[in-house]
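Chain residues, written in single-letter form:
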Amino acid sequence: MNKSRRSFLKVAGLSAFALSSGVAALSSTAQAAATMPGSSYKMGAAALKAKRWAMVIDTRAFKGPEDYQPLIDACHKAHNVPTIKGSNQNIKWFWLDKFDHAFPDDINAYQAAGIKERMFPLLCNHCTNPPCVRVCPTQATYQMHDGIVAMDYHRCIGCRFCMAGCPYGARSFNFMDPRKHLPKEMPNPTFPTRMIGVVEKCTFCAERLAVGQMPACVEAAGGRILFGDLDDPNSDVRHALAENYSIRRKPNLGTQPGVYYLI
Amino acid sequence: MYNAKAVIVGAVIFAVLFSSPFWLNFGKDDYKRPDVVLPKNEKECVEPVEYMRAEHMALLNQWRDQALRNEKRVYVSSTGKEWTISLQNTCLKCHNDYANFCEKCHIANSVYPYCWTCHITPEGKK
Ligand code: SF4
Ligand code: SF4
Ligand code: SF4
């Protein structure tokens, strides 16, 4: 290599390093200044805690789709989820579908009519190995220490990789301003809405757990849905799983769903 | 210099255009701090007013990350007082006059944050 070219590259490299480290140092001091000395963060005293939140739905205790309606209403009301009727752009956090669609690994032409025709409640599975988290380029979707797969809508750029990644159709995209489809009086004025261009889904009611409340759908189910710590052998969910036959959606994908169905 | 005339004229035009905002605003009124309407029933914000004025956006970012990612939804202020982390339910409970508090200052400073496309202001849906 030409001598002058070599020295030019050396100087250029050194200056790039000096500049970028200087900028990094500056920005980190700026960040430090933004934190008030002496302040800190903690969980609320009433917060419900678990190592791995999970849900067990006793589908045998629901007679038909109308039995699930109060649960859907409770969820969608608590989270200002709009209903966009007759459109494939509807937003769903908690919805119903047939066995063949919900559990396509187990398609059986001679399935008992009671199973075949029954509607099953579906929501985000809060997978142990969530593909949506792996594909999200902005970390707008992430997994928390208690197993909840949560979203920070502030960061979502609407690329919809997560929708392609999720094998359960648990995510909805806001093709339009969701407020257009919500009543003027917000169903829940203490919870935000979302905006056009972001993806949304069930949160396992992290905001309710934080203040000591069970998820809205669990509360509305009156004991037919259990919610608890999968890591605790004495929890309700573990007892229910130990005593009943349960299935999960698409188990062969290895995502390890956290929502179990008693059938 | 080759083509000196054109170059110098060009350089002068560029200098004038580049500094035009400065000349256009020369002698105009100084920036006046907008008269925001402070909450009536509450005297104490989560942190001292100088800090809130300069850093509230940084604090809100930290609140967001702590609440949404670490599930730490309680802020212990520098004075030891505890606050529930929520723009909509804590900040806006006291600062309930959006048009005369948030918006007034944001407009005066030409910043247009889009908090309210999702967070609901006390006035409700806009
Ligand atoms: S169900 Fe879909 S959205 Fe929910 S955690 Fe699993 S992959 Fe992600
Ligand atoms: S749409 Fe949003 S949440 Fe989904 S992958 Fe893209 S940035 Fe992440
Ligand atoms: S856990 Fe909460 S967010 Fe998820 S479906 Fe139930 S009510 Fe809706």
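These numbers come from a predicted model, not from an experiment. (Residues numbered from 1 in each chain as written. Chains lettered and ligands numbered in written order. Predicted model: local features only at pLDDT ≥ 70, side-chain atom pairs only at ≥ 80, totals over all residues. Heavy atoms only, no water.)

**Concerning the nonpolar core**
Phase 1 of the analysis: Core analysis: the largest hydrophobic core is formed by 55 residues, its most contacted members being Met55, Leu123 and Phe204 of chain A.
Phase 2 of the analysis: When residues of this core are assigned to their parent elements, the largest contribution, four residues, is made by helix 2 (residues 65-78) of chain A.
Phase 3 of the analysis: Of all hydrophobic cores here, the second largest spans 11 residues; its members include Tyr41 of chain A together with Val46, Tyr51 and Trp83 of chain B. (Core = buried A, V, L, I, M, F, W, Y, C linked by side-chain atoms within 4.5 Å. Buried < 20%, exposed > 50% of the residue type's maximum accessible area, 1.4 Å probe, protein only. Helix = DSSP H or I, 4+ residues; strand = E, 2+ residues; numbered from the N terminus.)

**Structural notes on the sheet that holds strand 2 (residues 53-58) of chain A**
Residues and elements named next belong to chain A.
Phase 1 of the analysis: With mixed pairing, the four strands of this open sheet are ordered in space as 9-2-11-10. Looking at which strands have only one partner, the edges of the open sheet turn out to be strand 9 (225-229) and strand 10 (246-247).
Phase 2 of the analysis: Relative to strand 11 (residues 259-262), strand 2 runs parallel, the two being bridged by four bridges. Within strand 11, the residue paired with Met55 across the bridge is Val259. (Pairing = 2+ DSSP bridges.)

**What about the interface of chain B and chain A?**
By a widespread convention, an interface's size corresponds to the accessible area lost as its parts come together.
Phase 1 of the analysis: The partner chain A presents 39 residues to the 33 residues of chain B that form the contact.
Phase 2 of the analysis: For the pairing of chain B and chain A, the buried interface totals around 3100 Å² over both sides, and the portion due to carbon and sulfur atoms is 52%.
Phase 3 of the analysis: Run the count over chain B and chain A and you get three salt bridges.
Phase 4 of the analysis: A salt bridge links Arg64 of chain B to Asp152 of chain A, with the shortest nitrogen-to-oxygen separation between them at 3.6 Å.
Phase 5 of the analysis: Broken down by secondary-structure element, the contributors of at least two residues to the side of chain B that touches chain A are helix 3 (49-69), strand 1 (74-76) and helix 4 (87-94) of chain B.
Phase 6 of the analysis: Residue contributions to the side of chain B that touches chain A peak at 11 residues, all from helix 3 of chain B.
Phase 7 of the analysis: Class assignment of the residues belonging to the side of chain B that touches chain A gives a composition of 14 nonpolar, nine polar and 10 charged.
Phase 8 of the analysis: As judged from the three bridges shared by strand 1 (residues 40-42) of chain A and strand 1 of chain B, these two strands associate in the antiparallel manner. By the bridge assignment for strand 1 of chain B, Lys42 of chain A is matched with Val74 of chain B. (Contact = heavy atoms within 4.5 Å. Buried area = accessible area lost by both parts, 1.4 Å probe. Salt bridge = Lys/Arg side-chain N within 4 Å of Asp/Glu carboxyl O. Nonpolar A, V, L, I, M, F, W, Y, C, P; charged D, E, K, R; others polar.)

No statement about biological role is implied by the geometric values presented.
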